[in-house]
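# An overview of the molecular structure
Chain by chain, the residues:
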Amino acid sequence: MTSARFFIQAALLLALLSSPFNVVEAGDKKGEKKRDKQGLKGPKPNRKQRKAEAKEKAVKFANMKAAGQDQVSMTKEAAELRSYELRKKKRKGLLKRKEASLAQVLFPGASPEEYSDREPVPAFVDLVESKKTQLPFEFYDLPTCPEPAEKIQKRFRQRRNLGSRLMGHKLQMAPYAFPTKVSKECTPLCVVEVGGKKLRWLRKLVDRQYRVHVTVDQLPVLMRSKELNYAVRGYPVGFKAPPSYTGLKEDEFYLYNHLKFTFTYREEPSEFEGVRITGFDVHPVSISHQFGNEKIDLETNLEAANKKDGWSTCTPGGESPVNEPETYLALRSGATGESMKILYSYEVNWIDSDIPWSDRWDVYLVGSPDDEIHYFAIVNSLMIVIFLTGAVATIMIRTLKKDIAGYNEMQTLEEAQEETGWKLVHGDVFRPPQTYPMLLSVLVGTGAQIGTAFFITLLACMLRMLNPIKKGAALTAVIVLYVLCGGVGGYVSSRLYKFCDAKSWKRCTIATAIAFPGLIVSMIMVLNVFLTIVGAATAVNFLTIILVFLMWGCVSTPLVFVGSYFGYRADKVEVPTKTNQIARFVPEVPYYAAPPTSVLIAGLL
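Criteria and thresholds
Residues numbered from 1 in each chain as written. Predicted model: local features only at pLDDT ≥ 70, side-chain atom pairs only at ≥ 80, totals over all residues. Heavy atoms only, no water. Helix = DSSP H or I, 4+ residues; strand = E, 2+ residues; numbered from the N terminus. Contact = heavy atoms within 4.5 Å. Salt bridge = Lys/Arg side-chain N within 4 Å of Asp/Glu carboxyl O. 1 Å grid on protein atoms, 1.4 Å probe; cavity = no way out; pocket = protein on both sides within 12 Å on 5 of 7 lines; lining within 4 Å. Points joined across faces, edges and corners; volume = space filled by probe spheres on them. Nonpolar A, V, L, I, M, F, W, Y, C, P; charged D, E, K, R; others polar. Pairing = 2+ DSSP bridges. Axes fitted to C-alpha atoms, helices over the stretch in contact; angles between N-to-C directions. Parallel < 35°, antiparallel > 145°, perpendicular 65-115°, else oblique. Left-handed = near helix turned anticlockwise from the far one by under 90°. pLDDT = per-residue confidence, 0-100. Core = buried A, V, L, I, M, F, W, Y, C linked by side-chain atoms within 4.5 Å. Buried < 20%, exposed > 50% of the residue type's maximum accessible area, 1.4 Å probe, protein only. Patch = residues over 30% accessible without salt bridge, like charges linked within 9 Å, V, L, I, M, F, W, Y side chains within 5 Å. Areas by Shrake-Rupley, 256 points an atom, 1.4 Å probe, with all protein chains shown as cover.

Bringing the side chain of T278 into the picture now. Structurally, the position occupied by T278 is in strand β15 (residues 276-285). Every residue in contact with T278, bar those within four places of it in the chain, is listed here: M74, L219, T264, Y265, R266, S353, I355, P356, W357 and R360.

Okay, structure coming up:
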């Protein structure tokens, strides 16, 4: 009896311990511990509390915006406002989206770099690009200071993949020196003499709004404006002043030859050693430096030679250069046509900040004034597509209703057997084309090959298999996958060609293998000639063209033949309806419905 009572008590105790209330309590305690680690006290809020907190935050940040708080500065308030605006983007996961930083969402696996005091921070120059033209140039093609002779450290080196070579990206050291936590006053860099064609070309770059891009610690340089509340990447080569501003008869062009760099960093000895860079800004200045009597060698690194005297506008302990209309550096030659001398200079300022390394990308996604133009263009395109879809759907519904009503009114079996309206074409839908079946097969097979390559590339991006930090990685993936998907193109092309009952299967296979790639390679080679003439950075060298040609001839073409072999061996495609032996007569369409006119109208829309 005693043992039975003992077993009953033990069973009741186990049931009590395994009850759902205890499981919920344990889960709550586990959530509390997790929140304590994150610095949040108390139990996890329920849905009602979360809604109330979200409403309070919305009111708080709305008041901050109304008070004129900007979103681009490196203050604590601006960082909170940026984080709130980007709260939907700071989530990762497919089903259960968890909160994360932009560094985890955009660059998974990226780790911060720590720099010790006075350690040189390498800076790299990228392409000089413009939104008004498709011709980028290298930084050292400009009349600027020569490239430093020092080599890139091993931990910062990156191999140039095929995509980066085709896009013109090349890792080059910037002519500036950035020791960690070492601020610099106005520092002369070099003197360059510009005249003739080079001066006219530089004026064209300013007129076409070219921008210079510099990268430090994988951060692109930013131009911020707290007053206008915007941040844009890179800085312009110069600016153009209209005659109404200068009083001259034509536009005047000015060059930015002095750069004010600002680094924001964070130190946290309890978490990591050294310094983490959290921001990289630039403020360009156009100033006509006053030269002294001392003779200066052109294109010489004055900072390395420790030559800081001889310029009244850039002296140690002097005032920092600012943008003043009286001292702008105009891009024009002398009175007698002699070349102009340009002194390039820069200064550096390091500022301590509380913004964590994981939130340093927020300002890049807040947006600039140009983003609204893209939104309007996208909305405009969507509205046109919706309008055209609705118009076509309305016409189809009215036609089907009319035909169905006519079928319902048929009284006799003989009337029901007569086909009218859209049912007349069911016997000709799957009729193989009598003209150009090879062209159709080649186009469909090539489209299947391209579509498969793009689908796998998008899937790889979703699964974080492509690193967005490595420039050209996505283009490399598309090209490699297109080459490897040659079997898909050959298989689809051969199946469709066999369905058309055509006989020249060898010619179709060869056309599938060489038509589209040959067209693209020919276009690249022709364009490359003109890009080389103008000196664009996207001009591809001969070895890269040979590499692309070998990938096409040695990998893609054999795979197309393999896919075609299996496609021709497969059974013929069966269609769900029977095709009439005699094709129906197709009446001539009016001129406004002919393909040339309809294509023109569709292009205008």
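Picking up where we left off.
Our next topic: the pattern of salt bridges. For the structure on display, the rule yields 14 salt bridges. Residue E267 pairs with K181 through a salt bridge whose shortest N-O separation is 3.1 Å. Taken together, the positions of E267 in the loop between β14 (258-266) and β15 and K181 in the loop between β4 (172-173) and β5 (184-194) put the pair 86 residues apart, joining distant regions of the chain. One network of salt bridges, in which partners are shared, links D117, K181 and E267.

In the structure shown here, the tally under the stated rule is six cavities of 30 Å³ or more. The volume enclosed by the largest cavity comes to roughly 170 Å³. Among the secondary structure elements, those contributing two or more residues to the lining of the largest cavity are β14 and β16 (340-352). A breakdown of the residues in the lining of the largest cavity according to their chemical character gives 13 nonpolar, four polar and no charged.

Turning our attention to the sheet that holds strand β7 (residues 214-216). If you trace the four strands from one edge of the open sheet to the other, you get β4-β3-β7-β8, paired in antiparallel fashion. The outermost strands of the open sheet, each flanked by one partner alone, are β4 and β8 (219-220). Summarising the sheet, β7 and β8 pair through two bridges and their orientation is antiparallel. From the neighbouring strand, V216 faces β8, where its bridge partner is L219.

Once that is clear, we can look at the packing of helix α12 (residues 437-462) against helix α13 (residues 473-484). The interhelical angle for the contact between α12 and α13, taken along N-to-C directions, is 140°, at an axis separation of 9 Å. One element, α12, and the other, α13, form an angle in the oblique class. α12 and α13 meet at a crossing whose hand is right-handed. The residues of α13 that touch α12, namely those facing T446, Q449, I450, A453, F454, I456 and T457, are A474, A477, V478, L481 and Y482. Partitioned by chemical class, the residues of the contact of α12 with α13 number nine nonpolar, three polar and no charged.

Our focus in this paragraph is the confidence of the model for the protein chain. Overall, the predicted model of the protein chain reaches an average pLDDT of 81, with 82% of residues at or above 70. This stretch, residues 12-40, has a pLDDT under 50; its non-local contacts, to residues over four places away or in other chains, come to twelve contacts.

Turning next to the nonpolar core. Across soluble globular proteins, nonpolar side chains show a tendency to be buried alongside one another. By size, the foremost hydrophobic cluster in this structure holds 61 residues, and its most contacted members are Y176, F178, Y235, V237, F261 and F263. Tallying contributions element by element places β16 first for this core, with six residues. In this structure F263 touches F178, V216, I277, G279, F280, V348, N349, W350 and I351, once residues within four positions along its chain are discounted.

Another point: unusual backbone geometry. For Q209, which is not glycine, the phi dihedral falls at a positive 60°. In this structure, Q209 sits in the loop between α7 (197-207) and β6 (211-212). In this model, D217 sits at a positive phi of 55°, which is unusual for a non-glycine residue. Locating D217 in the fold gives a position in the loop between β7 and β8. Judged by relative accessible area, which is 8%, D217 ranks as buried.

For the pair α12 and helix α15 (residues 505-534), interaxial distance at closest approach is 9 Å and the crossing angle is 50°. The orientation of α12 with respect to α15, classified from their angle, is oblique. Seen along the crossing, α12 lies across α15 with a hand that is right-handed. Residues M438, S441, V442, T446 and I450 of α12 touch α15, and the partners they reach there are R507, C508, A511, T512, A515 and F516.

Time to look at a nonpolar patch on the surface. Among the surface-exposed residues, Y375, I378, V379, L382, M383 and I386 lie close enough to one another that they form a single nonpolar patch of about 650 Å² accessible area. Tracing the sequence through the fold places I378 in helix α10 (residues 371-408).

The next subject is the pairing of β14. Put simply, side chains in a regular strand alternate between the two faces of the sheet. Buried residues dominate β14, accounting for eight of its nine residues. Inspection of the sheet shows β14 paired to β15 by nine bridges, in the antiparallel sense. Its bridge partner being in β15, K260 is matched across the sheet by H283. Where β14 lies against β16, eight bridges are found, and the strand directions are parallel. When the bridges of β16 are listed, F263 appears paired with W350.

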